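These are the residues of each chain, in order.
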Amino acid sequence: MVHKRSLSPVRDEVSVKRCRHDVMAKLTDKFTLHRGRLHQSKSYRTTNNDNPAADDDEECTASTWQQRKTRLRYVNNQDRNFYVAALYTLTSNLGLQPETIHMCISLLDRFLKVQPITLEWLEVVSVSCIWLAAKFNETQTNLEKLRVKKTLQQRQGHGKGNWTWHHVLVLECQILKRLGFRILHPTILSSFYDALASGAIELTDTQLDDALYFVDLSLMDVAFQAVPVANVVDAIAFLVTEFQPDANFSIGAIEERLRDPVLRFVLLHMNLDRQDKDLSSAIHQSVVCKHNARLSKSWRHADVPSCACRICQSID
């Protein structure tokens, strides 16, 4: 009996890691992320630029960037809150799982902490976080059914930055590198479910619907990141079990560690409950569309206008 010999060498763990590193280097070496902007690396320009006139064009482009430098600003908390609301609307309309939505916003917040970026790159970074979280948490069947990639690709060239899908892939690698390839990270949603599973919080079905509303509402304000996650979870449990929004309640009766998150939740809820159609109400409309039908009478938004968005259609 003749045994066939394999023509490929045995791949040990070291060679596999080196291969993965080389593949990623081929992608990320084309661009580098510096001070919030993507630049072509010098090695890529040297090895791939055969046209001398292109160097002059790149120098002109570089000088143009220097002239525009004073007009570019870094992302602040207000920009983050606005884009997270838009990201929440997009991911909810796509039909992604709540865990995926919280994961992609967590990726965005963690990346912004370690890598300041300018405003024009915030959209493509947000899209990269959506695509990264969707591939990690959603099944391939669900990705194809929801047409996630096609929907995200349709947003090319419609925002503040003239980005392409290649930028999304490059930034995806940059996000993974900057976060040490740690995609999973405790979120308020995961901590809330852990508290439910351990029996630390006991809620009825109606109270659970109210709690999930506040869990999503916590995404809309970056200030919740400065509060310990356990305090935010306990504040949510307090709001849905003890706090009555229509009754007089003494602030002194609230435990000190819960006062700040409770007040922030109440202010956010009141902001959504305003009848005037200003910008802040419009960008958070998706939260109301997603949760209002299941909220208890104490927290339900009254006189909500009819909406024809995908979220309302899926609920109906």
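Throughout what follows, the structure given in this document is the object of discussion.

Procedures and definitions
Residues numbered from 1 in each chain as written. Predicted model: local features only at pLDDT ≥ 70, side-chain atom pairs only at ≥ 80, totals over all residues. Heavy atoms only, no water. Helix = DSSP H or I, 4+ residues; strand = E, 2+ residues; numbered from the N terminus. Buried < 20%, exposed > 50% of the residue type's maximum accessible area, 1.4 Å probe, protein only. Contact = heavy atoms within 4.5 Å. Areas by Shrake-Rupley, 256 points an atom, 1.4 Å probe, with all protein chains shown as cover. Arc of directions from axis to C-beta. Polar contact = N/O pair within 3.5 Å; in protein donor to acceptor, adjacent residues only side chain to side chain. Phe/Tyr/Trp six-rings, centres within 6.5 Å; stacked < 30°, edge-to-face > 60°. Salt bridge = Lys/Arg side-chain N within 4 Å of Asp/Glu carboxyl O.

### Side note on the overall build of the protein
Broken down by element type, the protein carries 16 helices and two strands. Counting across all 316 residues of the protein, residues that qualify as buried make up 42%. Pairs at least 24 residues apart make up 73% of the contacts formed inside the protein by residues separated by at least 6 positions. Accessible area of the protein: about 18500 Å², with a carbon and sulfur share of 52%.

### Notes on helix H10 (residues 188–198)
Among all positions in H10, only Ile188, Leu189, Ser191, Phe192 and Ala195 are buried. One side of H10 holds all its buried residues, which, seen down the axis, span an arc of 165°. Across H10 from its buried face, at more than 90 degrees, point the exposed residues Asp194, Ala197 and Ser198. Contacts made by the buried residues of H10 are with helix H5 (98–114), helix H11 (205–217) and helix H12 (229–241). Positive phi appears at Gly199, one or two residues downstream of H10, with a value of about 85°.

### Here we look at unusual backbone geometry
It is generally the case that most residues other than glycine have a negative phi and that most peptide bonds are trans. Of note in the backbone geometry, Arg147 takes a positive phi value of approximately 55° without being a glycine. Its place among the elements puts Arg147 in the loop between helix H7 (140–146) and helix H8 (148–153). A residue is classified by how much of its surface remains accessible, and Arg147, at 45% relative accessible area, is partly exposed. Of note in this structure, Phe181 is not a glycine but carries a positive phi near 60°. Mapped onto the elements of the fold, Phe181 is located in the loop between helix H9 (165–178) and H10.

### Structural notes on the side chain of Arg80
Position of Arg80 relative to the elements: it lies in helix H4 (residues 77–94). Relative accessible area serves as the criterion here: at 4%, Arg80 is assigned to the buried category. Separated by 2.8 Å, the side chains of Arg80 and Asp109 make a polar contact. For Arg80, the residues in contact, after removing those within four places along its chain, are Val75, Ile105, Asp109, Leu112, Leu219, Met220, Asp221, Val222 and Gln225.

### Let's talk about the packing of aromatic side chains
Overall, the coordinates contain nine aromatic pairs when judged by the stated rule. Ring plane angle 70° and centroid distance 6.1 Å describe the contact between Phe82 and Tyr83, whose orientation is recorded as edge-to-face. In this structure Phe82 comes out as partly exposed when scored by relative accessible area, which is 36%. Centre to centre, the rings of Phe214 and Phe265 are 5.5 Å apart; their planes meet at 80°, and the pair counts as edge-to-face. Here the residue Phe214 occupies a position in helix H11, and Phe265 occupies one in helix H13 (residues 256–272), the gap between them amounting to 51 residues. Across the pair, exposure class does not vary: Phe214 and Phe265 are buried alike. Each member of the aromatic cluster is reached from another via a ring pair, and the members are Tyr213, Phe214, Phe224, Phe238, Phe243, Phe265 and Trp299.

### Comments concerning the pattern of salt bridges
Under the definition given, this model contains eight salt bridges. Across the pair Arg257 and Glu255 runs a salt bridge, and its minimum N-O distance is 2.9 Å. On the basis of relative accessible area, Glu255 is assigned to the partly exposed category, the value being 43%. Here Arg264 ties to Asp260 by a salt bridge, and the two come within 3.3 Å at their closest N and O atoms. One end of the pair, Arg264, and the other, Asp260, are both in helix H13, four residues apart, so they sit about a helical turn from each other. For Asp260, a relative accessible area of 38% puts it in the partly exposed group. One network of salt bridges, in which partners are shared, links Asp221, Asp260 and Arg264.

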